[in-house]
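Listed below are the residues making up each chain.
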Amino acid sequence: MTESAQSYFPSIPPNAPKATISYCRSVQEAPISALMGVVVDARIPERHPVTPRCRVRKMVGSTNRWRLPESLGSDLLGSSQAIKAVHMSYNNSLVNIITAESPVLNMNLDISRPYMFRQTDDRPITEPDRKYSQQRLSVDSFTVPATAPSVKLRNTPSPLAPIRKFVPTNARPATPKDIFLYHSKKSHSLLGPGQKVPDFDVVLKCLSMDWELHRPFLQKADVLASLVKDAEDPKFHKYYRTPASETLDTYIKKNQFYSNDYKEISNRLSMVEDPQEEEVKGVDHPAHVSEKRVNSVSIIKLDCHDPLLTKTAMAVALGNLYHDELEVELEEVANVLAAASVLGFKALQNTCGKMMLENISHRTVCKYHLAASKYQQEQVVLACERWLELNLIPQMSCQIQLRDVPMDLLQKILKSNRLFTFNEYSIYRLLSYWLFLQLNPHIQLMPSHSTVLSYYNSLPKNCALVEKDEGQIYAPLFSAVRLTGITDTNHIQDMQMMNILPQSQLIDLLSQHYHALQNGGDTCTSNLGLFVNLAKRQGFIMDSFEPHYHSEVLSLHGFHFELKAVRSSAGHVAFYMQRLKPGDPILSFRQCERHTFSMRPDREVRYCITVQQCNKGDNAVLTTGIVSQKFGLGDKTSRSECLKMEKLDCPVYVTFAVMFPSS
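Sequence order as written defines residue numbering, which begins from 1 separately in each chain. With pLDDT at 70 or above as the cut-off, local features in this predicted model cover only qualifying residues; side-chain atom pairs require 80 or more to be listed or tallied, and sums for whole chains, interfaces and linings still use all residues. The side-chain numbers reported here are obtained from all heavy atoms of the structure, hydrogens and water having been left aside.

Across its full length, the chain carries 21 helices and 13 strands. Between two residues, a contact is recorded if the distance between any of their heavy atoms is within 4.5 Å. Relative to all contacts within the chain whose residues are 6 or more apart in sequence, the contacts with residues 24 or more apart total 69%. Computed by Shrake-Rupley with a 1.4 Å probe, the accessible areas treat only the displayed protein chains as cover when residues are assessed. As displayed, the chain offers around 37600 Å² of accessible surface, 54% of which is attributable to carbon and sulfur atoms. Numbering of helices and strands runs from the N terminus, with a helix taken as a DSSP run of H or I at least four residues long and a strand as a DSSP run of E at least two residues long.

Moving on to the packing of aromatic side chains. Only centres within 6.5 Å qualify two rings of Phe, Tyr or Trp (six-membered ring in Trp) as a pair; their planes then separate them into stacked at under 30 degrees, edge-to-face at over 60, and tilted for everything else. If you walk through the whole model with that rule in mind, you get 15 aromatic pairs. When the ring of Phe180 is compared with that of Tyr322, the centres are 6.1 Å apart and the planes differ by 80 degrees; the resulting orientation is edge-to-face. Pair noted here: Phe180 is in helix 5 (residues 176–188) and Tyr322 is in the loop between helix 9 (311–319) and helix 10 (333–343), with a separation of 142 residues, a long-range link. Take Phe180 and Tyr322: they sit in the same class, and that class is buried. Among the aromatic residues, those joined into a cluster by ring pairs are Phe559, Phe561, Tyr607, Phe631 and Phe660. Note on exposure labels: buried denotes an accessible area under 20% of the residue type's maximum, exposed denotes more than 50%, and partly exposed covers the range between, all computed with a 1.4 Å probe on protein chains only.

What makes a nonpolar core is a set of buried Ala, Val, Leu, Ile, Met, Phe, Trp, Tyr and Cys residues whose side-chain atoms join them at distances within 4.5 Å. The biggest cluster of nonpolar side chains holds 100 residues, and the ones touching the most others in it are Trp211, Leu318, Tyr428 and Tyr456. Tallying contributions element by element places helix 15 (residues 424–439) first for this core, with eleven residues. The residues touching Trp211, leaving out its near neighbours within four places in the chain, are Pro176, Phe180, Val202, Val203, Leu204, Cys206, Lys311, Met314, Ala315 and Leu318.

Turning our eyes to something else, we now look at the environment of Lys630. Within the element layout of this structure, Lys630 appears in strand 11 (residues 627–632). Sequence-wise, Lys630 and Glu604 are 26 residues apart; in three dimensions their C-alpha atoms are separated by 4.1 Å. Contacts of Lys630, omitting those with residues within four sequence positions, involve Asp602, Arg603, Glu604 and Thr637.

What follows covers the sheet that holds strand 7 (residues 559–567). When DSSP finds two or more bridges between two strands, those strands count as paired. One open sheet holds the four strands; their spatial order is 6-7-8-12, and the pairing between them is antiparallel. Strands with a single pairing partner mark the edges of an open sheet, and in this sheet they are strand 6 (549–556) and strand 12 (643–645). Taken pair by pair, the neighbouring strands of this sheet meet at an average axis angle of 15 degrees, ignoring direction. Relative to strand 12, strand 8 (residues 573–579) runs antiparallel, the two being bridged by three bridges. Directly across from Phe575, in strand 12, lies its bridge partner Leu643. Whenever a helix is involved, its axis is fitted only over the stretch in contact; in every case the axis is a line through C-alpha atoms, and angles between N-to-C directions fall within 0 to 180 degrees.

Once that is clear, we can look at a nonpolar patch on the surface. On the surface, a cluster of nonpolar side chains totalling about 450 Å² of accessible area is made up of Ile32, Leu35, Met36, Ile83 and Val86. Elements supplying a minimum of two residues to the nonpolar patch: helix 2 (18–36) and helix 3 (76–87). Here the element with the most residues in the nonpolar patch is helix 2; it accounts for three residues. Assignment of secondary structure puts Val86 in helix 3. The patches reported here contain residues having more than 30% relative accessible area and no salt bridge. Joining distances are 9 Å for like charges and 5 Å for nonpolar side chains (Val, Leu, Ile, Met, Phe, Trp, Tyr). In the sections that follow, a salt bridge refers to a side-chain nitrogen of Lys or Arg positioned within 4 Å of a carboxyl oxygen of Asp or Glu.

This next bit is on the confidence of the model for the chain. Values of pLDDT, which run from 0 to 100, indicate the predictor's confidence residue by residue. Averaged over every residue, the pLDDT of the chain is 75; residues scoring 70 or more account for 68%. Long-range and interchain partners of residues 1–6, a stretch whose pLDDT sits below 50, account for two contacts in this model, where long-range means more than four residues apart. Below a pLDDT of 50 lies the segment residues 101–109, which in the model reaches 27 contacts outside its immediate sequence neighbourhood of four places, other chains included.

With that settled, the discussion passes to the environment of Lys412. Mapping Lys412 onto the fold places it in helix 14 (residues 407–414). Spatially, the C-alpha atoms of Lys412 and Glu389 are 9.5 Å apart, while their sequence positions differ by 23 residues. A distance of 3.0 Å separates the side chain of Lys412 from the side chain of Glu385, its partner in a polar contact. Whenever a nitrogen or oxygen atom comes within 3.5 Å of another N or O atom, the pair is scored as a polar contact, on the condition that within protein one atom can donate a hydrogen and the other can accept it, and that pairs from neighbouring residues in sequence are kept only if both atoms are in side chains.

Scanning all chains against the criterion turns up nine salt bridges. Residue Lys205 pairs with Asp210 through a salt bridge whose shortest N-O separation is 3.0 Å. Of the residues examined, Asp210 reaches a relative accessible area of 8% and is grouped as buried. As a salt-bridge pair, Arg418 and Glu389 come within 3.1 Å of each other at their nearest N and O atoms. Residue Arg418 is found in the loop between helix 14 and helix 15, and its partner Glu389 is found in helix 13 (residues 378–391); the two are separated by 29 residues along the sequence.

Right, let's get into helix 3. Expected helix span is given by 1.5 Å per residue-to-residue step, counting one fewer step than there are residues. For helix 3, with twelve residues, the first-to-last C-alpha span of 17 Å sits near the 16 Å given by 1.5 Å per residue. Taken residue by residue, helix 3 has Gly78, Ser79, Ala82 and Ala85 as its buried positions. Buried residues of helix 3 fall within an arc of 125 degrees about the axis and therefore sit on the same side. In this structure, helix 3 carries Leu76, Leu77, Lys84 and His87 as exposed residues pointing more than 90 degrees from its buried face. Capping the start of helix 3 is the job of one residue whose side-chain oxygen sits 3.4 Å from the backbone nitrogen of Leu77: Asp75. By definition, the arc is the one covered by directions from the helix axis to the C-beta atoms.

With their axes 7 Å apart at the nearest point, helix 16 (residues 449–458) and helix 18 (residues 489–498) run at an angle of 45 degrees to one another. In terms of axis orientation, helix 16 runs oblique to helix 18. For the pair helix 16 and helix 18, contact is made by His449, Leu453, Tyr456 and Asn457 and by Asp494, Met497 and Met498, respectively. Ten residues, namely Ala, Val, Leu, Ile, Met, Phe, Trp, Tyr, Cys and Pro, are considered nonpolar, four, namely Asp, Glu, Lys and Arg, are considered charged, and the remaining ones, Gly among them, are considered polar. Of the residues assigned to the contact of helix 16 with helix 18, the class counts are four nonpolar, two polar and one charged. Our angle categories are set so that under 35 degrees counts as roughly parallel, over 145 as roughly antiparallel, 65 to 115 as roughly perpendicular, and the remainder as oblique.

Bringing the packing of helix 18 against helix 19 (residues 503–518) into the picture now. The interhelical angle for the contact between helix 18 and helix 19, taken along N-to-C directions, is 165 degrees, at an axis separation of 10 Å. Judged by the inter-axis angle, helix 18 sits roughly antiparallel to helix 19. When you trace helix 18 past helix 19, the crossing you get is left-handed. From helix 18, Ile492, Met495 and Gln496 reach across to helix 19, where they touch Gln503, Leu506, Leu509, Leu510 and His513. For the contact of helix 18 with helix 19, the residue count by class is five nonpolar, three polar and no charged. Here a crossing is taken to be left-handed if its near helix is turned anticlockwise relative to the far helix by less than a right angle, and right-handed if that turn runs clockwise.

Here it is as structure tokens:
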């Protein structure tokens, strides 16, 4: 291999189009040419040509430059605008148009860092402010060119947090206290006219907040009921005089400008004095009531150290204690499940579990699986894993949420016999994308295949990525790929260019393919009995039954099979495979001209046809099992066993697995 093939040199971005440069130059020179007057040769200056790509405005306003190059003569208004344009060369609008940044138009010759857009006041920073562990290993040998992002390999593949939502600066989001009061006041609205709202008698200290609760409603939560039962006798406590006093005192306590003596004085003057209480409240004292009164309450404490447990989720969980109809927002259902589990609120746990079962998607599956695994929601865990078995390749492989899939869960799904895939290379490609997102945690959009390919090609070629100390933890994932099922030369060339797997493993793969072609499809491996590890898989998805059939071609070592799904007039659908002859019309011209054909009259084949459906966590699986059959070229011997299904619900995931035993 030559030196140029081993090294990666990023291509220099192209220059700006000539039309763009000429238009900017004409706009800049137009007022100067107009103020010069009649030249010696008396020729009229040429205007910039009007093209569909670069149009010239005929009418200008106060915010546009004078852009007519003709002599002004006695045009006083035009002279004034031209003079103004000369003195003020560019306005903000023209500057933004001419200096619009783009990796295509701008030159980026600094190969030590990737291209970055300029940051201005009108454009917020696009890269999120993420905090990473300082114990992460830094790899100096992984030098990345300008077209690929610079990264540092991580020691452990921990899942990343979801992308933060943009909240306008002038918007006031609802606080946890507001959410709790919204739910708790529903029970007060059921009281008749003239009835006074009862005072709270329990204060729950949790998540650095004090939650004012009523004892009768706490019986719905087992943990809270147990804490109230074991709590001490009610005592008198201090409360803020007014909400303004509370806000001011909190600000003074959090500000480092004020001394401790001043903070104590502010705390003493802002709160109602109680002779029975000698202890001064700390900084974490929360809001209670706005009335000047002293109430007798019981205090209970609950320590929680779970990242899924947020103050908003706790407010929703505690608020649902006050009404029978449970209300949970879909975006917070995983966090509310954590809060309900901590409180022992079983009714809310069941409600969250049902909502999660009905709303599994590529955006929620990782978070739902994490929360359900931690809080013993086995049905939700099973539903998430079943969803991933069918949609890991079709949906997750093209979504940025792929980076949130944990490594242990990904390995479990890849080794499942129910995994759906279009082909074996789709699994390898998924793993390469997942690994790219783990090594580049600042990526916010799903990268293109060329970007991933360029990144891996830019890494050092001294050894494969999974052979390095930092990449050995990812080796078990790639062991789940059935490399013998990857037969396309373009796919193998991409694998060689990425250099994720050792070159010796790819050479062994090529030798196995060559041996199979020379021996009529017989493989040289000794593990012929492991059908689940060696069979080549190919599948397709039927989203609708119009048209009434689906057909694909599976090619393996000179043998070609048609994978078919046909719907009959009775309504049932039949799935089967059929061996094709060299001149079959279904084969494309390239396949007939370039592909290898075996002329063996019969060939023993082991195959398995699997049809799956998923509906809210319930998977319907129908399979032929592993069948061994001799396929010939005749009409009676070229067709496999037929698998029929009735009452199919779209989408339908169909997988064909084929392996050639030694003959």
